[in-house]
Amino acid sequence: MEKFLMVVASFPTVLWSILLGVVCLYWLLAVIGMLDIDVLDLDIDLDADTNVEGLAGLMVTLGLTGVPLTIVFSLLVLLAWLVTYFVSLFTLSWFPGGWLSILLGIPVIVLSLLVAVPLTAQLIKPLKPLFKKLYHTPAQRSLVGLKCKIRSMEVTPERGEAMLSLDGADMILKVKTQGGAVLKNGETGVIVEHREAENDYIVVPEAEFEAHLNN
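Note that this is a predicted model, so its numbers are computed, not measured. (Residues numbered from 1 in each chain as written. Predicted model: local features only at pLDDT ≥ 70, side-chain atom pairs only at ≥ 80, totals over all residues. Heavy atoms only, no water.)

Things to note about the pairing of strand β6 (residues 188-195)
For step 1, the next point in the chain: Strand direction decides the pairing type here: strand β1 (residues 147-150) and β6, joined by 3 bridges, are antiparallel. Across the sheet, residue lysine 147 finds its bridge partner in β6, namely valine 190.
For step 2, the next point in the chain: Where β6 and strand β7 (residues 200-205) come together, 6 bridges link them in antiparallel fashion. Directly across from glutamate 193, in β7, lies its bridge partner isoleucine 202.
For step 3, the next point in the chain: Turn length for the β6-β7 hairpin, with the two strands adjacent in sequence and antiparallel, is 4 residues, and the turn residue asparagine 199 shows positive phi of about 55 degrees. (Pairing = 2+ DSSP bridges. Helix = DSSP H or I, 4+ residues; strand = E, 2+ residues; numbered from the N terminus.)

Examining a nonpolar patch on the surface
For step 1, the next point in the chain: Taken together, the side chains of Trp99, Ile102, Ile106, Val110 and Leu114 make up a nonpolar region of the molecular surface, amounting to roughly 550 Å² of accessible area.
For step 2, the next point in the chain: Examined against the element boundaries, isoleucine 106 turns out to sit in helix α5 (residues 99-124). (Patch = residues over 30% accessible without salt bridge, like charges linked within 9 Å, V, L, I, M, F, W, Y side chains within 5 Å. Areas by Shrake-Rupley, 256 points an atom, 1.4 Å probe, with all protein chains shown as cover. Salt bridge = Lys/Arg side-chain N within 4 Å of Asp/Glu carboxyl O.)

A word on the nonpolar core
Generally speaking, a soluble globular protein has its nonpolar side chains buried in company with each other.
For step 1, the next point in the chain: Core analysis: the biggest nonpolar cluster contains 23 residues, and Trp16, Leu64, Val72, Trp81 and Tyr85 have the highest contact counts within it.
For step 2, the next point in the chain: Contributions of two or more residues to this core are made by α1 (2-8), α2 (13-31), α4 (69-90) and α5.
For step 3, the next point in the chain: When residues of this core are assigned to their parent elements, the largest contribution, 9 residues, is made by α4.
For step 4, the next point in the chain: Apart from residues lying up to four places away in sequence, tryptophan 81 is in contact with Phe4, Val8, Thr13, Trp16, Ser17 and Leu20.
For step 5, the next point in the chain: Core analysis: the next-biggest nonpolar cluster, separate from the first, contains 13 residues, Cys148, Val155, Leu183 and Ile191 among them. (Core = buried A, V, L, I, M, F, W, Y, C linked by side-chain atoms within 4.5 Å. Buried < 20%, exposed > 50% of the residue type's maximum accessible area, 1.4 Å probe, protein only. Contact = heavy atoms within 4.5 Å.)

Side note on unusual backbone geometry
For step 1, the next point in the chain: Cis geometry is adopted by the peptide bond preceding proline 12, which originates at phenylalanine 11 and carries an omega value of 10 degrees.
For step 2, the next point in the chain: Mapped onto the elements of the fold, proline 12 is located in the loop between α1 and α2.

Observations concerning the environment of lysine 3
For step 1, the next point in the chain: Relative to the assigned elements, lysine 3 resides in helix α1.
For step 2, the next point in the chain: In the structure, lysine 3 is positioned 90 residues away from serine 93 in sequence and 9.0 Å away in space, judged by C-alpha atoms.
For step 3, the next point in the chain: The contacts of lysine 3, once residues within four sequence positions are left out, are Leu89 and Ser93.

The following block contains the structure:
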């Protein structure tokens, strides 16, 4: 027990130990009903789309989408903690502390991520069909005429993303424009068409939509 506590409280394991403690606290609060399990979810698009940007794009590339972000993060932290703990237990614990421990610990953190990320991607694969049903938009065509907020850097005829709030839930939609129109991040667009084959939506600027209604 003393050895266990020494390893989990020493660098580099302590970094993952802290995050693992946060994860455990989160799930404890979720179990007793103080937090929704999907409180942080719906921010990552479920479908693989190499054109998404930022964190969403990175997660798509790594295969970490399709299930709630909280589950992905929890598995990632747990696996990284396990790798770091056992590497530290069987190797780093034999070295003296101080700067040498930090120098040797940094590569262990990198190693833990290199192992944890692909393992997490494999573990969540069987869960994706289940959560895809939960996140499926119930009535695609009913979204036509609704306003959405552009969340990607821009929306072009080739790519883009928008946030739509419906019945208290936020949804990430793949959106595109037509005729060379471009909508910038933060602008409001109106959904005018759902293309089932492409699984995306055509949006126009709100001003253009209002002008069309008034004519």
